Every structure is written in structure tokens, then in C-alpha cells.
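Results of the structural survey
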Amino acid sequence: MGNDSRPAALERLSVFIGTWQVEASFPQAPDAEPNDDAFSVFEWALDERFLVQRTKAPDPAPDSLAIVSVDADGKTYTQHYFDSRGVVRVYAMTFHVGVWKLLRDKPDFSPVDFSQRFTGTFSDDGNKIVGRWEVSHDGVRWEHDFDLSYLKVH
């Protein structure tokens, strides 16, 4: 199947393509050293039908692999997440007007003992994403978990 029939929702994800330096700030590990080796690579897979993200994460976060697919509505996405701890999760994802959101609040491959959400905002030039992860233990009150930023290097 050719790329001419790709959903517009996939085209919108093109801004992610490339290599990004990753920087995180963990309140629970305030003495963690910055890791210049932390990076994330976004690339297309399977005839550009899926967005793949491979991340070598800053300590204490795990390295991860994520695969993004377009949902049946053609507007939203699902991110399938796997990490070096053996954790597998599924996030509902949106990307609209430079704002990237992930949400996990339903059981998937593991029980949901807590809900998670991420909001990342692209800079006007598209070369930086400033993000924040939050956690909720009751599904109502959200608390800051950690900050996560991406800087496009190529």
C-alpha cells in the first residue's frame, strides 16, 4: 500500500521525526546527574504507517520503545509502550496544535494502580518539546511526577 493513502493524522506526526536529546528532572531523585547520553529517536516504520520512538533514558528512568498508531477515528492515536523493566502499557494519545498528550487511566497489559498523563508542548520552531508527567492515585487528584524535555539535534 502506498503512502498516498496515509491518514492525515500520520502526516501531523512528521514533526517528531529525528533525534532528540532528552533531559529529565526527577523530584524524587534531586541529586541525579544530567545525562548527555540520553536521547530519543523518532522514525517511521512499516511503510510510514507507525511512528516508532526509541529512548535511552536519563537515570533513574528506564530505556523504552513506543509504537504509535492512528485510531479508527482518524484523529487520535494509541501509543504502545515497552521498557527495559519489562513493563508494557497502552496510552491514549492526542497531538493537536503543537501539544502532545498521553493518558493511561484504564487497565491494559498490567493493572492500573495509578493513572498517568503527560503533556508536552512544542516550541514555535518545532525544535523543543517541554513536557511534564503527572500521576494520580485516585483518578481525581493529579500530582507532578517529573519534567521531561526534548531538544531536536537532527
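Attention here is on the structure that accompanies the text. (Residues numbered from 1 in each chain as written. Predicted model: local features only at pLDDT ≥ 70, side-chain atom pairs only at ≥ 80, totals over all residues. Heavy atoms only, no water.)

1. A look at the packing of aromatic side chains
This is how it is decided: Centre distance within 6.5 Å is the pairing criterion for rings of Phe, Tyr and Trp, where only the six-membered ring of Trp is used; planes under 30 degrees apart are then read as stacked, over 60 as edge-to-face, and the remainder as tilted. Per the convention used, a helix needs a DSSP run of H or I reaching at least four residues, while a strand needs a run of E reaching at least two, with both numbered from the N terminus. Throughout this description, buried means an accessible area under 20% of the type-specific maximum (1.4 Å probe, protein chains only), exposed means over 50%, and partly exposed covers the range between. Charges are assigned to positions over rings by a cutoff of 6 Å between ring centre and Lys NZ or Arg CZ, combined with an angular limit of 35 degrees from the ring normal.
Throughout the structure, instances matching the rule amount to 17 aromatic pairs. Consider the rings of W20 and F42, whose centres lie 6.4 Å apart with planes at 80 degrees: the pair is edge-to-face. With W20 in strand β1 (residues 18–25) and F42 in strand β2 (residues 39–45), this pair connects stretches of sequence that are 22 residues apart. The same class applies to W20 as to F42, namely buried. Pairing F118 with W133 gives two aromatic rings, centres 5.2 Å apart and planes at 40 degrees, and the pair type is tilted. Remark: W133 occurs in strand β9 (residues 128–136) and F118 occurs in strand β8 (residues 115–122); sequence separation between them is 15 residues. Judged by its relative accessible area of 11%, W133 is buried. The ring of W44 has R6 lying over it, and the distance from NZ or CZ to the ring centre is 4.3 Å.

2. Quick word on the environment of E11
Of note, E11 is situated in helix α1 (residues 8–12). Along the chain, E11 and E48 lie 37 residues apart, while their C-alpha atoms are 9.3 Å from each other.

3. A look at the pairing of β8
We apply this condition: If DSSP finds at least two bridges between two strands, the strands pair.
Note that strand β7 (residues 99–104) and β8 share 6 bridges and pair antiparallel. The residue bridging L103 from the neighbouring strand is R117, located in β8. Relative to β9, β8 is paired through 8 bridges, and the arrangement is antiparallel. Its bridge partner lying in β9, F118 is registered against W133. Between β8 and β9, which pair antiparallel one after the other, the connecting turn spans 5 residues, and G126 there sits at a positive phi close to 75 degrees.

These results come straight from atomic positions and should not be treated as a statement about function.
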